[in-house]
Amino acid sequence: MTAPIVWIGLPLVLAALLFILPRERLISYLGTLFALGLAITAYWIPPGTAQRIGSISLRIEPSLSLFGRQLSLDAGDQTLLILVYGMAAFWFFGTLAAGQARQVVSLGLAVIALLVASLAVRPFLYAALLVEMAVLVSVPLLAPPGSRPGRGLLRFLIYQTFAMPFILLAGFLLSGVEAGPSDVAQVVQAGILLLLGFAFLLAVFPLNTWIPLLAEEASPYAVGFLLTMLPTFGLVLALNFIDRFSWLRDSAQLPSILQTAGILTLVTAGIWAAFQRHLGRIAAYAIIAETGVSLLAMSLPDRQIGLQILFFLFIPRALALGVWTMSISILQSRAGDLRFAALQGLARQYPLASAGVVFANLALAGTPLLAVFPVRQTLWENLAVQSLPLALWFGLASLGLWVIALRSLAVLTMFSEKTEWVSRETWPQRILLGIGLLGLFLSGIFPQWAQPLLANLPAMFDYLGK
């Protein structure tokens with residue numbers, strides 16, 4: 001058995017089987033257990049290593065040749081596989097409360113398998129093609145058959161597709177200069193193409209207008225899942241490019257470019273979020289802001305600290321977005337709309353869902369005692385040491401997310417005194433939201449629990465992790 005078959009082939013096969021099952025609850029359970037099993041397998045038997053059970057030795061070979069190309073997952077990818085499939089299990093389990101298990105679980109497994117393949121493929125140039133395949137597979141996830149695609153979905157498809165030729169052309173130009181920049185003009189052209197490609201892929205300002213539109217049109221939970229997974233792999237893919245080329249890795253201009261792109265993306269998202277009146281659009285701007293935070297972490301002069309901050313953001317960010325979009329989905333099923341006018345006073349009928357909206361929003365704003373606070377605080381301190389104006393802009397963007405969290409709370413609690421307190425959430429929704437809210441607080445109070453897992457993530461890079 002080879003690693004690509006286990007973590008790429010099997011998920012693709014199961015995704016097709018789950019899509020034809022009749023019961024959505026069964027799909028949720030099977031998808032959750034399978035994703036959790038893949039995460040446990042990666043922890044127990046890392047690719048390329050052997051595990052002995054009595055007299056039996058189990059080994060998963062790291063490489064597989066397919067159509068003249070090689071797919072390779074080695075021991076350095078172990079932590080990423082655990083993280084990705086563990087996050088997938090969390091999102092799939094959440095479909096018991098948010099619904100849409102058939103789309104999120106089956107298509108989500110296929111999307112994750114293709115994104116894992118994008119990191120495993122050799123030559124590395126073909127990664128962009130596999131990312132584009134994942135984008136195409138995600139289209140039915142965002143627009144179920146029979147529904148008409150909106151502007152947000154069309155822009156999503158166009159912008160993500162634009163990323164592919166830029167990255168492919170950059171990789172083609174750079175294929176002959178891996179050891180060093182032998183042709184300065186060619187390297188500059190490739191660098192510009194690469195920056196444009198990842199700007200489209202990561203939805204960097206101003207190429208992120210499709211995210212609020214998509215969040216307004218599609219299922220909030222499906223959008224939240226997709227916009228958790230795609231940027232995670234996009235960032236790792238960008239780091240792989242930086243790690244691969246020494247001239248790019250040692251470039252004096254790269255930190256400034258990342259810093260400028262990050263602060264523009266973060267500040268514009270934080271300010272615009274404060275003026276929104278639609279919960280889906282608010283969550284979308286929070287997702288955009290998180291991309292800005294990640295770019296700022298990558299721009300820090302101390303590369304080791306920057307990588308640690310970036311990787312330590314993955315789990316609390318996924319937790320907060322999962323709770324937030326699950327809560328929004330529950331409120332949407334009741335109100336039929338996510339505009340503030342339709343949500344007034346729902347806190348007395350859906351108290352846990354309302355709490356999930358507010359606390360997840362506050363968590364992504366960096367509120368003390370909540371999940372993202374310890375990592376954001378570390379980043380803020382490092383930015384303040386580097387540049388005080390930069391730290392002030394970072395605080396202003398966080399303030400915008402704070403303001404909209406308080407506005408959401410005011411709208412959800414805007415009811416008459418005669419309204420009775422009654423929880424209309426189902427028991428699965430209460431249990432999952434309760435676990436999610438507890439996780440937001442525990443992750444903020446005890447952030448060190450993820451240290452043993454995430455500390456090994458830089459090992460997947462040959463140079464950045466050293």
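Please refer to the structure higher up on the page.
A quick note: this is a predicted structure, and the numbers were derived from the prediction, not measured. (Residues numbered from 1 in each chain as written. Predicted model: local features only at pLDDT ≥ 70, side-chain atom pairs only at ≥ 80, totals over all residues. Heavy atoms only, no water.)

1. Thoughts on the packing of aromatic side chains
In total, this model carries 14 aromatic pairs according to the counting rule given. Summarising the aromatic geometry, the rings of Phe-156 and Trp-210 are spaced 5.1 Å apart at their centres and angled 50 degrees between planes, so their arrangement reads as tilted. In this pair, Phe-156 is assigned in helix 6 (residues 151-174) and Trp-210 in helix 8 (residues 210-217), connecting sequence segments 54 residues apart. Trp-210 carries the same exposure label as Phe-156, and that label is buried. Note on Phe-162 and Phe-200: the rings are 5.6 Å apart at their centroids and 70 degrees apart in plane angle, and the pair reads as edge-to-face. Here Phe-200 lies in helix 7 (residues 184-201) and Phe-162 lies in helix 6, a separation of 38 residues in the sequence. Within the aromatic cluster, the residues linked to one another by ring pairs are Phe-90, Trp-91, Phe-92, Tyr-221 and Phe-225. (Phe/Tyr/Trp six-rings, centres within 6.5 Å; stacked < 30°, edge-to-face > 60°. Helix = DSSP H or I, 4+ residues; strand = E, 2+ residues; numbered from the N terminus. Buried < 20%, exposed > 50% of the residue type's maximum accessible area, 1.4 Å probe, protein only.)

2. Notes on the nonpolar core
Grouped together as the largest cluster of nonpolar side chains are 179 residues, with contacts concentrated most on Trp-7, Tyr-85 and Leu-440. Sorting elements by how many residues they give to this core places helix 9 (residues 220-244) first, with 16 residues. Non-local contacts of Tyr-85, meaning those with residues more than four positions away in its chain, are made with Trp-7, Pro-11, Ala-35, Leu-36, Leu-38, Ala-39, Leu-109, Ile-112, Ala-113 and Val-116. (Core = buried A, V, L, I, M, F, W, Y, C linked by side-chain atoms within 4.5 Å. Contact = heavy atoms within 4.5 Å.)

3. Here we look at the environment of Ile-445
Mapped onto the fold, Ile-445 is located in helix 19 (residues 427-445). A residue is classified by how much of its surface remains accessible, and Ile-445, at 42% relative accessible area, is partly exposed.

4. Overview of the environment of Leu-364
Among the secondary structure elements, Leu-364 is positioned in helix 16 (residues 351-364). Taking the C-alpha atoms as reference, Leu-364 lies 6.8 Å from Ala-320; in sequence the two are 44 residues apart.

5. Examining the side chain of Arg-102
Tracing the backbone through its elements, the reader meets Arg-102 in helix 4 (residues 101-120). The buried charged residue Arg-102 lacks any salt bridge partner; its closest oppositely charged side chain belongs to Glu-24, at an N-O distance of 4.2 Å. Within polar-contact distance, the side chain of Arg-102 engages the backbone oxygen of Phe-19 at 3.0 Å. (Lys, Arg positive; Asp, Glu negative; His and termini not counted. Salt bridge = Lys/Arg side-chain N within 4 Å of Asp/Glu carboxyl O. Polar contact = N/O pair within 3.5 Å; in protein donor to acceptor, adjacent residues only side chain to side chain.)

6. Considerations on a nonpolar patch on the surface
Taken together, Ile-271, Trp-272, Phe-275, Trp-393, Leu-396, Leu-399, Trp-402, Val-403, Leu-406 and Leu-409 make up a surface patch of nonpolar side chains, about 950 Å² in accessible area. Elements with a contribution of two residues or more to the nonpolar patch: helix 11 (254-273) and helix 18 (388-412). By residue number, the principal contributor to the nonpolar patch is helix 18, which donates seven residues. Summarising the element assignment, Ile-271 is placed in helix 11. (Patch = residues over 30% accessible without salt bridge, like charges linked within 9 Å, V, L, I, M, F, W, Y side chains within 5 Å. Areas by Shrake-Rupley, 256 points an atom, 1.4 Å probe, with all protein chains shown as cover.)

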